[in-house]
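Structural description and commentary
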Amino acid sequence: MVLALDVADGVAVVTLNRPEARNALDSELITALDTTMSELDARDDVAAIVITGADPAFCAGLDLKELGGTGENLRGGTASGRPWARTRKPVVGAVNGPAITGGLELALQCDFLVASPRARFADTHARVGILPGWGLTVLLPQAVGIRKAREMSFTGNFVDAEEALALGLVNRLVDHDRLLDETRRLALDIAGNDGATVQAFRASYERIVGLTTEEGFRRESQAQREFNVGFDPAEVARRRAAIVDRGRAQASDASGT
């Protein structure tokens, strides 16, 4: 089961559950996540959603084995350029470990983030040789500023949890063992409010931010499609070992930030 789901007291906790692959996004997981998020958004007993990963990672991005084979996971996600259909209900990320490339994009889809000190963030699209297609070039500058976003994307270097907090990428740091409990507590605070009002608030934020971001999503998706005309899975397979080794080294100490 590539996703684990727990629903209680109005809060749904969705756990990416491919720990042996550091929760890397293969086609099965991408499809399951989109389907599950839509189902949860429609449930009357769910007022807020928490997304996390099974230790040791939040999400290592697209599964490079599949990307370097069929490349099918590169085409995953929704037609709107998001990993899952837009929800009416708030989504909180509990970032328990590295959130890399596609994993960073998942984190950026959340309304806000709570992180463990083990969290690391990186955009390694340029090392893999692909362009983002889930709104990274829109959402990352909103989170950390355009110059830091460009640094992250152009270098592929990692940002550790402390810097992520200072940048405003995450809202708070919590001891690793308390991460899920603390994030769920915040989600319960959301669920304890009037649901219709919270959803109206969220829709208002979405509309206002959308005045500047919707065109960005469209243009990023178009750029990715055009770039991918020349996509060669064999080139990803050739680079895979170096990408994985570098990522593991930076995720362990974030010395490249």
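All of these numbers come straight from a predicted model, not from anything done at the bench. (Residues numbered from 1 in each chain as written. Predicted model: local features only at pLDDT ≥ 70, side-chain atom pairs only at ≥ 80, totals over all residues. Heavy atoms only, no water.)

Notes on the packing of helix H5 (residues 136-144) against helix H6 (residues 146-155)
- Put simply, H5 and H6 touch, their axes get as near as 7 Å, and they point 125° apart. If you check the angle between H5 and H6, you find them oblique. Crossing hand, H5 versus H6: right-handed. Contacts from Leu136, Leu140, Pro141 and Val144 of H5 reach H6 at Ile146, Lys148, Ala149, Met152 and Ser153.
- Looking at side-chain class alone, the contact of H5 with H6 contains seven nonpolar, one polar and one charged residues. (Axes fitted to C-alpha atoms, helices over the stretch in contact; angles between N-to-C directions. Helix = DSSP H or I, 4+ residues; strand = E, 2+ residues; numbered from the N terminus. Parallel < 35°, antiparallel > 145°, perpendicular 65-115°, else oblique. Left-handed = near helix turned anticlockwise from the far one by under 90°. Contact = heavy atoms within 4.5 Å. Nonpolar A, V, L, I, M, F, W, Y, C, P; charged D, E, K, R; others polar.)

Quick notes on the sheet that holds strand E8 (residues 159-160)
- Strand order in the open sheet made by the three strands is E5-E7-E8, with mixed pairing throughout. Edge strands, defined here as strands with exactly one partner in the open sheet, are strand E5 (98-100) and E8.
- Relative to E8, strand E7 (residues 120-122) is paired through two bridges, and the arrangement is antiparallel. What sits directly across from arginine 120, in E8, is aspartate 160.
- Here helix H3 (residues 102-109) sits on the sheet and contacts E5 and E7; the angle it forms with E5, its principal contact strand, is near 100°. (Pairing = 2+ DSSP bridges.)

Observations regarding H5
- Among all positions of H5, only Leu136, Val138, Leu139, Leu140, Pro141 and Val144 are buried.
- Tucked into the core, H5 has its buried residues touching H3, helix H4 (125-128), H6, helix H7 (161-167) and helix H9 (195-227).
- A positive phi of about 95° marks glycine 145, the residue just after H5. (Buried < 20%, exposed > 50% of the residue type's maximum accessible area, 1.4 Å probe, protein only.)

Quick notes on the pairing of strand E4 (residues 91-95)
- Counting buried residues along E4, five of its five residues qualify, which places the element largely inside the surrounding structure.
- Because side chains alternate across E4, one face comprises the buried residues Val91, Gly93 and Val95, and the other comprises Val92 and Ala94, equally buried.
- The pairing of strand E3 (residues 48-53) with E4 spans four bridges and is classified as parallel. Counted as the bridge partner of isoleucine 49 is valine 91 from E4.
- Both E4 and strand E6 (residues 112-115) contribute to a ladder of four bridges, which runs parallel. When the sheet's bridge partners are listed, valine 92 is paired in E6 with phenylalanine 112.

A closer look at the pattern of salt bridges
- Going through the model one piece at a time under the given rule, you end up with 16 salt bridges.
- For aspartate 26, the salt bridge is made with arginine 18, and the minimal N-O distance between the two is 3.7 Å.
- The closest approach of N and O atoms between arginine 18 and aspartate 63, which form a salt bridge, is 3.0 Å. One end of the pair, arginine 18, is in the loop between strand E2 (11-16) and helix H1 (27-42); the other, aspartate 63, is in the loop between E3 and helix H2 (64-67), and 45 residues separate them in sequence. (Salt bridge = Lys/Arg side-chain N within 4 Å of Asp/Glu carboxyl O.)

A few points about the environment of alanine 48
- Within the secondary structure layout, alanine 48 lies in strand E3.
- For alanine 48, a relative accessible area of 0% translates into the label buried.
- Linking alanine 48 and arginine 88, residues 40 residues apart in sequence, is a C-alpha distance of 9.4 Å.
- Once residues lying within four places of it in the same chain are set aside, the contact partners of alanine 48 are Gly10, Val11, Ala12, Pro90, Ala187 and Ile190.

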